[in-house]
Amino acid sequence: MGKEKRRKKAFVIDTNVILHSSSCIDAFEEHDVVIPITVLEELDTFKKGTEEKNYNAREFIRKLRSISEKQIFNGGVSLGEGRGKIMIKLEQPAHEDIKGHFPNPSKPDHRILNIAYLYAKANPEVSVVLVSKDGNFCLKAQALGLSGEDYTKDHVKSDLREGCRLVENCDSSMIDGLFASFDGVLVDVGVFGEEPLMPNEYVIMRSGSKSALATYSASDSCLYGIKKKDVYGVMPRNAEQSFAVHALCNPAVSLVALSGKAGTGKTLLAIAAAIEQRRSYRQIKVSRPIVPLSNKDIGYLPGTVKSKVDPYMQPLYDNLSVIRNQFPDKDERALAIDKLIDNEKISIDPLTYIRGRSLYGWYWVIDEAQNLTPKEIKTAITRAGERTKVIFTGDPEQIDHPYLDRHSNGFSYMIEKMSGQEMFAHVSLTKGERSALSELASHLL
């Protein structure tokens, strides 16, 4: 018997999916795509602005106009060979079931549900799926007997590799070789288990009482020993932090991801490494996205732009102060930091207005990267010019963005896609070093 044909589906797209990815209509293969007219009305409010969601709204409208024909309102327009159709569905009076379930049927979400519900009633042979980044909206769809799904095109496929591994009972002569030579020890990528070593992967090697830290170089298939060293007075407190320092200071690595929970030292090490290497770069920039509580725009807050932004940047100033306050006020290392700030060679800014810029000779630390979408991560990385190094720090388990999770955030997406590239390194920090109290709260609360 031949392969059973898949049941035809129609995916009804919510506004937040388009704001997340302007190319979302290309993700549904042979199935149809339904755009409720309510979604186009909502996109109107996002057309102006410089944020990623504003860009996506404009780009989607342009894309829709390029394929728009009268048929898009009457049966739909084909998206191409082997693809389904795209159609715009106009408003209709609320179905009695919508009125019965939801006391306010004129609410935009309920109007979208009404269009999806009526389409399903008119096409019983089609499986209608509401696609939304809003989990509560998906539950409402399921209450009506419809399917509700997240948009998963850009989700990571599996749990992220940690970027380092522990190898017990390894060949002791290999450990001796790492200490004896700076030329590296030639190894087979499969020598340490079923998963072969990745470029710039880090290894904790143990053999009896002997141990060593090493990193794998794919260019010559060698392991190189790593010695513990400080960066501008900040000394690594564990093996993972030593790996992080090595990646942050390795000139052959242009893109670094440091992942881990709060208190593991991600941001502190990144800023300290930036100051340590200040003579190698024209500019040190430390940024983070602004994700206000309740997802409310900072324009709602009173005061100047600086007074609105500074509270979100304060954790970065705190890390800079920790590094600065290691030294007496008159110490030349403290004065060097003051000079960098006064001359604006180091600056702390929100992650905005970078589209279209070319950044040459920057050491760029982007904190809280788990709150960025895949497209925002791409936008940041593609700004990097010659001699620019980009460092992302984040915790995929602690996301403030209302429509991202550990599988869909841009930080995880970037780590998965970049793993295996020779100019990329990832280190997952697991041990908290802020304080015993911080570590206890992280585990128990």
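Look up: the structure comes first, before these words.
A quick note: this is a predicted structure, and the numbers were derived from the prediction, not measured.

Q: Explain the overall build of the chain here, please?
A: Along the chain, the regular secondary structure elements total 14 helices and 17 strands. Split into buried and exposed, the 445 residues of the chain put 49% on the buried side.

Q: Would you explain the nonpolar core in this entry?
A: The tendency in soluble globular proteins is for nonpolar side chains to be buried side by side. If you look at the biggest cluster of nonpolar residues, it comprises 45 residues, and the most contacted ones within it are I13 and I35. For this core, the leading source of residues is helix α5 (residues 108–122), giving 7 residues. Apart from the residues lying within four places of it in its own chain, the contact partners of I35 are I13, I25, L40, F60, I86, M87, I88 and K89.

Q: Any chance you could explain the environment of L178 here in plain terms?
A: By secondary structure assignment, the location of L178 is in helix α7 (residues 172–180). Looking at L178, the relative accessible area reads 8%, which means it is buried. L178 sits 35 residues away from L213 along the chain, and the two C-alpha atoms are 8.8 Å apart.

Q: Please clarify how α7 should be interpreted in this entry.
A: Owing to its 3.6 residues per turn, the α-helix brings residues three or four apart onto one side. Taken together, the buried positions of α7 are M174, I175 and L178. Here the buried residues of α7 occupy an arc of 100° about the axis, which is enough to place them on one side. Opposite the buried face of α7, at more than 90 degrees from it, the exposed residues are F179 and A180. Check the buried side of α7 and you find it contacts β8 (185–186), β9 (202–207), β10 (210–217) and β11 (222–225).

Q: Whenever I open this one, the sheet that holds strand β13 (residues 283–288) confuses me. Can you help?
A: Taking strand neighbours across the sheet as the criterion, the 6 strands line up as β14-β13-β15-β16-β12-β17 in an open arrangement whose pairing is parallel. The open sheet has two free edges, formed respectively by β14 (346–350) and β17 (424–429), since each of these has just one partner strand. Averaged over neighbouring strand pairs, the angle between their axes works out to 15° when direction is ignored. Sheet analysis places β13 next to β14, joined by 5 bridges and oriented parallel. If you follow I284 over to β14, its bridge partner there is I346. Together, β12 (255–260), β15 (362–366) and β16 (389–394) form the strand contacts of helix α12 (residues 374–381), whose direction differs from that of β16 by roughly 155°. Against the sheet, helix α13 (residues 410–418) engages β12, β16 and β17, with an angle of about 125° to β12.

Q: Got a minute to help me understand the side chain of R278 in this structure?
A: With respect to the helices and strands, the residue R278 is situated in the loop between α9 (266–276) and β13. Here R278 is buried and forms no salt bridge, its nearest opposite-charge partner E276 lying at an N-O distance of 5.7 Å. For R278, the side chain forms a polar contact with the main-chain oxygen of I275, separated by 2.9 Å. For R278, the residues in contact, after removing those within four places along its chain, are Y232, I284, A336 and L340.

Q: I keep staring at the sheet that holds strand β1 (residues 9–13) and nothing clicks. Help me out?
A: An order of β3-β4-β2-β1-β5-β6 is seen for the 6 strands of this open sheet, with the pairing classed as mixed. Each edge of the open sheet is held by one strand with a lone partner, namely β3 (77–78) and β6 (147–149). In this structure, strand β5 (residues 127–131) lies alongside β6, joined through 3 bridges in parallel fashion. The residue of β6 that forms the bridge with V129 is S147. The sheet strands contacting helix α6 (residues 135–143) are β5 and β6, and the helix crosses β6 at an angle near 165°.

Q: What is the right way to look at the packing of α12 against α13 in this model?
A: How two helices sit against one another is set out by the angle between their axes and by the gap between those axes. Where α12 contacts α13, the axes come no closer than 7 Å and their chain directions differ by 65°. Considering the relative orientation of α12 and α13, their crossing is right-handed. Counting all contacts with α12, which are made through P374, I377 and I381, the residues of α13 involved are G410, F411, Y413 and M414. A breakdown of the residues in the contact of α12 with α13 according to their chemical character gives 6 nonpolar, 1 polar and no charged.

Q: Honestly, the pairing of β1 in this entry has me stumped. Any pointers?
A: The side chains of a regular strand alternate, residue by residue, between the two faces of the sheet. Taking burial as the measure, the 5 residues of β1 include 4 buried ones, the bulk of the element. Summarising the sheet, β1 and β5 pair through 5 bridges and their orientation is parallel. The residue bridging V12 from the neighbouring strand is L130, located in β5. Judged from the 3 bridges that link them, β1 and strand β2 (residues 32–36) form a sheet pairing that is parallel. Paired with A10 across the strands is D32, a residue of β2.

Basis of the calculations
- Residues numbered from 1 in each chain as written.
- Predicted model: local features only at pLDDT ≥ 70, side-chain atom pairs only at ≥ 80, totals over all residues.
- Heavy atoms only, no water.
- Helix = DSSP H or I, 4+ residues; strand = E, 2+ residues; numbered from the N terminus.
- Buried < 20%, exposed > 50% of the residue type's maximum accessible area, 1.4 Å probe, protein only.
- Core = buried A, V, L, I, M, F, W, Y, C linked by side-chain atoms within 4.5 Å.
- Contact = heavy atoms within 4.5 Å.
- Arc of directions from axis to C-beta.
- Pairing = 2+ DSSP bridges.
- Axes fitted to C-alpha atoms, helices over the stretch in contact; angles between N-to-C directions.
- Lys, Arg positive; Asp, Glu negative; His and termini not counted.
- Salt bridge = Lys/Arg side-chain N within 4 Å of Asp/Glu carboxyl O.
- Polar contact = N/O pair within 3.5 Å; in protein donor to acceptor, adjacent residues only side chain to side chain.
- Left-handed = near helix turned anticlockwise from the far one by under 90°.
- Nonpolar A, V, L, I, M, F, W, Y, C, P; charged D, E, K, R; others polar.

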